[in-house]
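What follows is the residue order along each chain.
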Amino acid sequence: MILIKKILFEIIKLILFILIWWGMATISEWQMPLKSRPVTQTEFFRFCVLVDGKIQSQSLQDYKKGKDVLCHTPVPDDGNGWFNYKYYFDITPSQTYRLISYADSPADPYIYHYRIENQEIVPIDVQYGGLMNQMAAWFYGLILTMILWAVGYRLYLRYFRQPEKTIPKIK
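Given the structure is predicted, the values throughout are model-derived calculations rather than measurements. (Residues numbered from 1 in each chain as written. Predicted model: local features only at pLDDT ≥ 70, side-chain atom pairs only at ≥ 80, totals over all residues. Heavy atoms only, no water.)

Considering the overall build of the protein chain
The helix and strand tally for the protein chain stands at 2 helices and 8 strands. Moving toward the C terminus, one meets the helices and strands of the protein chain in the order α-β-β-β-β-β-β-β-β-α. Buried positions account for 24% of the 171 residues belonging to the protein chain. Counting contacts in the protein chain only where the partners sit at least 6 residues apart, residues at least 24 apart contribute 44% of the total. For the protein chain, the exposed surface amounts to about 13000 Å²; the carbon and sulfur share of it is 63%. (Helix = DSSP H or I, 4+ residues; strand = E, 2+ residues; numbered from the N terminus. Buried < 20%, exposed > 50% of the residue type's maximum accessible area, 1.4 Å probe, protein only. Contact = heavy atoms within 4.5 Å. Areas by Shrake-Rupley, 256 points an atom, 1.4 Å probe, with all protein chains shown as cover.)

A closer look at helix α1 (residues 2-31)
For α1, spanning 30 residues, the distance from its first C-alpha to its last is 44 Å, which sits close to the expected 44 Å at 1.5 Å a residue. For α1, the complete set of buried residues consists of Ala25, Thr26 and Ser28. Elements in contact with the buried residues of α1: α2 (130-159). (Expected span 1.5 Å × (residues − 1).)

What to know about the pattern of salt bridges
For the coordinates displayed, the defined rule picks out 1 salt bridge. When the shortest N-O distance is used, the salt bridge between glutamate 10 and lysine 13 registers 3.4 Å. With glutamate 10 and lysine 13 both in helix α1 and 3 residues apart, the pair spans about one turn of that helix. We classify glutamate 10 as partly exposed; its relative accessible area is 43%. Residue lysine 13 is classed as partly exposed on the basis of its relative accessible area of 29%. (Salt bridge = Lys/Arg side-chain N within 4 Å of Asp/Glu carboxyl O.)

A closer look at α2
Over its 30 residues, α2 extends 42 Å from the first C-alpha to the last, a length consistent with the 44 Å expected when each residue adds 1.5 Å. For α2, the complete set of buried residues consists of Gly130, Asn133, Ala137, Gly141 and Thr145. Buried positions along α2 lie against α1 and β8 (120-128).

Some details on the nonpolar core
Across soluble globular proteins, you tend to see nonpolar side chains buried next to one another. Core analysis: the biggest nonpolar cluster contains 14 residues, and Phe45, Phe47, Leu70, Tyr114, Ile116 and Ile121 have the highest contact counts within it. Of all elements in the fold, only β2 (46-51), β6 (96-101), β7 (110-117) and β8 reach the threshold of two or more residues within this core. (Core = buried A, V, L, I, M, F, W, Y, C linked by side-chain atoms within 4.5 Å.)

What about the confidence of the model for the protein chain?
Per-residue pLDDT for the protein chain has a mean of 76; in total, 70% of the residues score no lower than 70. Summarising per-element confidence for the protein chain, the mean pLDDT is lowest in strand β5 (residues 85-89) (58) and highest in α1 (92). (pLDDT = per-residue confidence, 0-100.)

Some points on the environment of phenylalanine 17
Among the structural elements, phenylalanine 17 can be located in helix α1. Residues phenylalanine 17 and threonine 145 lie 128 residues apart in sequence; the distance between their C-alpha atoms is 7.4 Å. Excluding anything up to four places from it in sequence, phenylalanine 17 contacts Leu142, Thr145, Met146 and Trp149.

Describing the packing of α1 against α2
Across the interface, α1 lies against α2 with an axial gap of 7 Å and an inter-helix angle of 130°. On the basis of their axis angle, the class for α1 and α2 is oblique. As α1 packs across α2, the resulting crossing turns out to be right-handed. Packed against α1, whose contacting residues are Lys13, Leu16, Phe17, Ile20, Trp21, Trp22, Met24, Ala25, Ser28 and Glu29, the element α2 presents Gln134, Ala137, Trp138, Tyr140, Gly141, Leu142, Leu144, Thr145, Met146, Leu148 and Trp149 at the interface. Split into classes, the residues belonging to the contact of α1 with α2 amount to 15 nonpolar, 4 polar and 2 charged. (Axes fitted to C-alpha atoms, helices over the stretch in contact; angles between N-to-C directions. Parallel < 35°, antiparallel > 145°, perpendicular 65-115°, else oblique. Left-handed = near helix turned anticlockwise from the far one by under 90°. Nonpolar A, V, L, I, M, F, W, Y, C, P; charged D, E, K, R; others polar.)

Here is the structure:
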């Protein structure tokens, strides 16, 4: 019975450690900004268009103003093979749009940030480095968890551990 309690206690400690690690990694990732670079080569800049009712990612040099319809609202993925991109609308006063590429692969996604003015695409920036941010956040989260775990263990030993009963010595 005592062995089962010890094993159960160790499992609970492991689950608690993993939960704290996950929380610290999430907080660390929130604090890390993505790398951002200005748009210098506009021919590689991508944005969302609707062609024949289907979502497509298109570059600025392939954009035909009269034929292609720009995505103005968030369009859910319909599952028809357009799985390499996620598109969503940022709710900001300037009404900016973001297109995330390679969102379902292990590659580092690029986030194309742009604004639409009079059916013209105005590139703002390209963000990248999200995958490296996640890896660094899990590493920093592990370090923070180990520090928090050591402090918590010391506090447990000091305030909550029962002193061992000793047998008084007989003189």
